Amino acid sequence: VPHINDADNTITFTPQNGGTYSGFMQLAYLGAGLRGDHSNDTVLDKHLGVYSYKPKASYCVQNNRAYASFDWNPNNQYPYQSSGSLLMITMPHHAYILKDQFAANLKSTVYTFKGYEGPSWLLDMEAPRAAMEPDPVGVQAIKANSQHLQDILQAIERDASHANLEAYCSFSDSYGVGKGIGMHARLASMSRAFGTSHYQALDGKIRHCLEKWLRIDDTLPERNRFHYDTVWGGLFLRGEDGEAHFYTDFGFPFYNDHHFHLGYFLYALAYYVRHDTAWAQQHRQRIYALARDVGNPSYKDKFFPVVRHKDIYMGISWASGVVPGERQEESSSESLNCYHGLAALGDALNDPILRGTGQVMLALEIASVREYYHVRDHNFNQFPPILQKFGAVGQIAEDSFYVYTLDWGCDPNVFPMRHGCLVGIQIIPITAVSRYWMDKDWAKHILQSCDWAINPSHATDYSLANPSDLRDLVTGWKAFCYAGIAPYDESHKIAAANYLRDKYPRDLVSGTGAASTLLFIYERT
């Protein structure tokens, strides 16, 4: 029996027959309403006494489908009424996936989010393509168009002429080197796909840099040498003085951003090991150490946690490591790149477990990024007006959605030009799987943001802005906007290609190539 004390705003409970109570208690929030409103008092009665106990999640890939099963293991050990059924609250991305096959199980609730009535959920998703190489269908389409082929070949030549990975492989941080080696791998894969010889020199640079960071050629400065942490179970880097500082490599020693940094290395490894299987076999344990740090699939592995950054229920990943404060993440596309890198590495190594783990984690990430980082037709009304207008979320934290970004070097770093960076950090890097989230639907909703970023004078209240702020957005962030809106229609595709056609790597955000971006613009691969 509940006893409400308005004087000190407390509620106490006593058994109906007196005495004290020891055991299980279920509490349910029945929604906000006027005092004395009892209209929701019985809405959850059919679910009394049933609760999830030691739930499990399992995954598999079969017939080009990725499956994630949430088995809630309903427990009615102490039922108030034995016929009760389990009700669990879904998030919007769950409900969006479940609605086609399990609409009858989805129930309206007082919580706004849908409830699911039943002992388990089966999320049935398209398995994203595992290979990191450009889609052969898209490659053939470009080869059949003489102008597009010429543009791609010239862009490969420009990018290759400025491919200087060896200049910074030893001296930049893990994030900078990761972006660089990822760009070189993407360029080398394009060279092979389009039949040029540039991959021959690129392969040597990629191998040389990989061997340094895998500590095969153990000559990197101490600050850039991976060490294993026996406390938290993972790789870390030291600072200049040999200490593991919070500020080293964006917090890498404290497990910030591991999936961002290592995702690029996994992507590059996926390229290289496909073409040098003997090298891959010789250094297999070192390669797998990087994969296990961010994509370990099994609790049986006692050296690394399971998929370190992944929030299985939310679907997205958190960039924050073992640091105080709320968890957050900015760049959804770099999370996506990590799980693509895992799948691609598994594909190249012919490891179905690694490949499947990457594909399922990527499928879950895609579903959540499309739901929470992108404004789209189906989720438009979930967002407040300011986010509806901008079309993209800059950062998600545990209790907040942000319209701005934290650490990216956006120039100028003021709106409306900053819209280009808001969109760009949800695009970098562009790869063969970017088509799963860079599509016409999202392009429609970022059209205005990108138009304002590229042409500030089009923005509302432009005349009120500080004139000193109204210089052009730097070329690289403009390029991401052009790529992001290219899928909208043919005119935007042509405008994007025209903008990128004469660009060099130095004109773009680090880790981005003109050839890579053009390939996406033309054939979304």
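Let me begin by describing the structure that accompanies this report. (Residues numbered from 1 in each chain as written. Predicted model: local features only at pLDDT ≥ 70, side-chain atom pairs only at ≥ 80, totals over all residues. Heavy atoms only, no water.)

### Points about the overall build of the protein chain
Thinking step 1. Scanning the protein chain from terminus to terminus reveals 17 helices and 15 strands.
Thinking step 2. Taken over the C-alpha trace, the protein chain has a radius of gyration of 25 Å; the compact-globule value for 525 residues is 24 Å, and the two agree within 12%.
Thinking step 3. With the C-alpha coordinates aligned to their principal axes, the bounding extent of the protein chain is approximately 85 × 60 × 50 Å.
Thinking step 4. Per-residue burial over the protein chain gives 52% buried out of 525 residues.
Thinking step 5. Across the protein chain, every contact between residues at least 6 apart in sequence was considered, and the portion connecting residues at least 24 apart equals 68%.
Thinking step 6. A total of about 23600 Å² of accessible surface is found on the protein chain, and carbon and sulfur atoms cover 51% of it.
Thinking step 7. Charge separation in the protein chain, taken as the distance between the mean sites of 45 positive and 56 negative side-chain charges, equals 5 Å. (Helix = DSSP H or I, 4+ residues; strand = E, 2+ residues; numbered from the N terminus. Rg over C-alpha atoms; globule rule 2.2 N^0.38 Å. Buried < 20%, exposed > 50% of the residue type's maximum accessible area, 1.4 Å probe, protein only. Contact = heavy atoms within 4.5 Å. Areas by Shrake-Rupley, 256 points an atom, 1.4 Å probe, with all protein chains shown as cover. Lys, Arg positive; Asp, Glu negative; His and termini not counted. Charge placed at Lys NZ, Arg CZ, Asp CG, Glu CD.)

### What to know about the packing of helix α10 (residues 332-348) against helix α11 (residues 352-372)
Thinking step 1. At a minimum axis separation of 7 Å, α10 and α11 run at an interaxial angle of 160°. In terms of axis orientation, α10 runs roughly antiparallel to α11. Remark: the crossing between α10 and α11 carries left-handed chirality. Contacts from Ser332, Ser335, Leu336, Tyr339, His340, Leu342, Ala343, Leu345, Gly346 and Asp347 in α10 reach Leu354, Arg355, Gly358, Gln359, Met361, Leu362, Glu365, Ile366 and Val369 in α11.
Thinking step 2. Across the contact of α10 with α11, the residue classes break down as ten nonpolar, six polar and three charged. (Axes fitted to C-alpha atoms, helices over the stretch in contact; angles between N-to-C directions. Parallel < 35°, antiparallel > 145°, perpendicular 65-115°, else oblique. Left-handed = near helix turned anticlockwise from the far one by under 90°. Nonpolar A, V, L, I, M, F, W, Y, C, P; charged D, E, K, R; others polar.)

### Looking at empty space enclosed by the protein
A probe matching the size of a water molecule, rolled over the atoms, marks out where space remains unfilled.
Thinking step 1. Within the structure shown, the criterion is met by one cavity of 30 Å³ or more.
Thinking step 2. Approximately 150 Å³ is the volume attributed to the largest cavity.
Thinking step 3. As for the largest cavity, its lining consists of 18 residues, and the residues nearest its centre are Met183, Arg186, Ile430, Gly511 and Ser516.
Thinking step 4. The element that contributes the greatest number of residues to the lining of the largest cavity is helix α5 (residues 174-193), accounting for six residues.
Thinking step 5. Here the residues of the lining of the largest cavity are counted per class, giving eight nonpolar, seven polar and three charged. (1 Å grid on protein atoms, 1.4 Å probe; cavity = no way out; pocket = protein on both sides within 12 Å on 5 of 7 lines; lining within 4 Å. Points joined across faces, edges and corners; volume = space filled by probe spheres on them.)

### Observations regarding unusual backbone geometry
Backbone geometry follows two general trends: most residues other than glycine have a negative phi, and most peptide bonds adopt the trans configuration.
Thinking step 1. Of the consecutive residues Asp411 and Pro412, the connecting peptide bond is found in the cis state with omega at 0°.
Thinking step 2. Pro429 follows Ile428 through a cis peptide bond whose omega is -5°.
Thinking step 3. By secondary structure assignment, the location of Pro429 is in the loop between α13 (419-424) and α14 (440-454).
Thinking step 4. Positive phi outside glycine occurs at Arg215, with the angle close to 60°.
Thinking step 5. Looking at the secondary structure, you find Arg215 in the loop between α6 (198-213) and β11 (227-229).

### What about the sheet that holds strand β5 (residues 65-71)?
Sheet strands pair via backbone hydrogen bonds, and the direction of the pair is either parallel or antiparallel.
Thinking step 1. Strand order in the open sheet made by the three strands is β4-β5-β10, with antiparallel pairing throughout. Of all the strands in the sheet, the pair left with one neighbour each is β4 (56-62) and β10 (120-126). Mean inter-strand twist for the sheet, computed between neighbouring axes without regard to direction, equals 15°.
Thinking step 2. With seven bridges joining them, β5 and β10 adopt antiparallel strand pairing. In the sheet register, Ala66 faces β10, and the bridge partner there is Met125.
Thinking step 3. The sheet strands contacting helix α1 (residues 92-102) are β5 and β10, and the helix crosses β10 at an angle near 95°. (Pairing = 2+ DSSP bridges.)

### Considering the pairing of strand β2 (residues 10-13)
Thinking step 1. In the sheet, strand β1 (residues 2-5) pairs with β2 via four bridges, with the strands oriented antiparallel. In the strand pairing of β2, Pro2 is matched with Phe13.
Thinking step 2. What sits between β1 and β2 in their antiparallel hairpin is a turn of four residues, with Asn9 showing a positive phi close to 55°.

### Focus on the environment of Met132
Thinking step 1. By the element assignment, Met132 lies in the loop between β10 and α2 (136-143).
Thinking step 2. Using a relative accessible area of 1% as the deciding quantity, one classes Met132 as buried.
Thinking step 3. The spatial distance from the C-alpha of Met132 to the C-alpha of Ser189 is 8.2 Å, given a sequence separation of 57 residues.

### Side note on the pairing of β4
Thinking step 1. Bridge count between β4 and β5: seven bridges; the pairing is antiparallel. By the bridge assignment for β5, Gln62 is matched with Arg65.
Thinking step 2. In textbook terms, the turn of a hairpin is the stretch between consecutive antiparallel strands, and for β4 and β5 this stretch comprises two residues, one of which, Asn63, has a positive phi near 50°.

By themselves, these figures tell us nothing about what the structure is for.
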